[in-house]
Amino acid sequence: MTTPTVDIRRADDRARTKISWLDSKHSFSFGSHYAPENTHHGLLLVNNDDRVAPAAGFDTHPHRDMEIVTWVLRGSLVHQDSTGHSGVIYPGLAQRMSAGRGILHSEKNDSWMLTGAETHSEPVHFVQMWVAPDESGIDPGYQQLEIADELLRGGLVTLASGMSEHRDHAAIAIANRYAALHGARMHAGDSIGLPTAPYLHLFVPRGEVELEGAGPLHEGDAVRFTGSGGQRVTATAPAEILVWEMHASLAAA
């Protein structure tokens, strides 16, 4: 059993990596930004809010034993990996890479177009989230699915899940039977109820919302719930939210 808590983490309190082509804000310890008291919540180890400049990105690099879900809010991102998978990730497309026993991949900003004599470009803005898998050493894998139509209908949409109860309607699968990621695009005035679970992580990558019992949340804010859920989230401006529902913690998974 977990003691019910609602822990609000403000956008400006996140660690930040800022270089010429990358502006990355980290909800948890990441890279050189290590804090032993902030390594994960439930099963979620990474929640990076990234902006990558045009014609730039992450060169080929390795991952191992991690379920990596990428959600693009603006622009497009090209994925290529050592298993032969490639794809362009854009708003409304759910994407997951299973690193498994080892994989190499790259991610580059695809927002670079030449039209006549003019070049048009924009940064790509995306959230990348890492969840530990149930088992180490599984086969690497890749999956993506367009779900823009589902998001337009309102309410929480299950973007990724390994939970049996979401198996029939999750957009993509992850290799953890205790975790699911939900998302919603909200108009001002829309209201959504959060799931109930031992661990929840609510992130607001775009817009502004009001959390029942806690007050306003702005772009980049996050909330870590334990032993809680059921609160309503109401958009006070056009917004997008990402909600991890987790029925185990990293230590107990």
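Scroll up to find the structure this text is about.
These remarks concern the structure in this document. Each chain has its residues counted from 1, following the order in which its sequence is written. Residues qualify for local features only when their pLDDT is at least 70, as the model is predicted, and side-chain atom pairs are given and counted only at 80 or more; totals for whole chains, interfaces and linings, by contrast, use all residues. Only hydrogens and water are set aside when side-chain values are computed; all heavy atoms of the structure are taken into account.

**Focus: the overall build of the chain**
- Each helix corresponds to a stretch of at least 4 residues labelled H or I by DSSP, and each strand to a stretch of at least 2 residues labelled E; elements are numbered beginning at the N terminus. Scanning the chain from N- to C-terminus turns up one helix and 24 strands.
- Projected onto its principal axes, the C-alpha coordinates of the chain cover approximately 55 × 45 × 40 Å.
- Partly exposed residues are those whose accessible area sits between 20% and 50% of the maximum for their type, while under 20% is buried and over 50% is exposed, using a 1.4 Å probe and protein chains only. Classification of the 253 residues of the chain by burial places 49% in the buried group.
- Counting every atom, the chain has about 11400 Å² of accessible surface; 51% of that belongs to carbon and sulfur.
- Charge convention: Lys and Arg are scored as positive, Asp and Glu as negative, and His as well as the terminal groups of each chain are ignored. Charged groups are reduced to one reference atom each: NZ for lysine, CZ for arginine, CG for aspartic acid, CD for glutamic acid. Counting 19 positive and 31 negative side-chain charges, the chain places the centres of these two groups 2 Å from one another. Per-residue and other accessible areas follow the Shrake-Rupley method at a 1.4 Å probe size, with only the shown protein chains counted as cover for residues.

**Quick word on the side chain of T226**
- If you trace the backbone, T226 turns up in strand β22 (residues 222-229).
- At 2.4 Å, the side chain of T226 and the side chain of T5 are in polar contact. Pairs of N or O atoms are called polar contacts if they sit within 3.5 Å, as long as, within protein, a hydrogen donor faces a hydrogen acceptor (for residues adjacent in sequence, only side-chain-to-side-chain pairs).

**Comments concerning the pairing of strand β23 (residues 232-235)**
- Of the two faces of β23, only the one carrying V233 and A235 is buried; R232 and T234 on the other face are not.
- Here strand β18 (residues 191-193) pairs with β23 via three bridges, running antiparallel. Each residue of the ladder has a partner; that of I192, found in β23, is V233.
- A pair of strands is treated as paired once DSSP finds two or more bridges between them. Strand direction decides the pairing type here: strand β20 (residues 209-211) and β23, joined by three bridges, are antiparallel. Note on β23: the bridge partner recorded for L211 is V233.

**Considering the pattern of salt bridges**
- Counted as salt bridges are all cases of a side-chain nitrogen of Lys or Arg within 4 Å of a carboxyl oxygen of Asp or Glu. Scanning all chains against the criterion turns up 14 salt bridges.
- Notably, a salt bridge pairs R16 with D23, separated by 2.7 Å at the nearest N-O pair.
- The closest approach of N and O atoms between E240 and R206, which form a salt bridge, is 3.3 Å. Taken as a pair, E240 in strand β24 (residues 239-246) and R206 in strand β19 (residues 196-206) lie far apart in primary sequence, 34 residues in all.
- On the basis of relative accessibility, which here comes to 3%, the residue E240 falls in the buried class.
- Classification of R206 as partly exposed rests on a relative accessible area of 31%.
- Taken together, the shared-partner salt bridges connect R14, D49, R51 and E219 into one network.

**Examining the environment of V204**
- Positionally, V204 belongs in strand β19.
- Its relative accessible area of 0% is what places V204 among the buried residues.
- Separated by 161 residues in sequence, V204 and L43 have C-alpha atoms that sit 19 Å apart.
- V204 has contacts with V209, L217, H218, E219, G220, D221, E240 and I241, leaving out every residue within four places of it along the chain. In this description, contact between two residues means that some pair of their heavy atoms is separated by no more than 4.5 Å.

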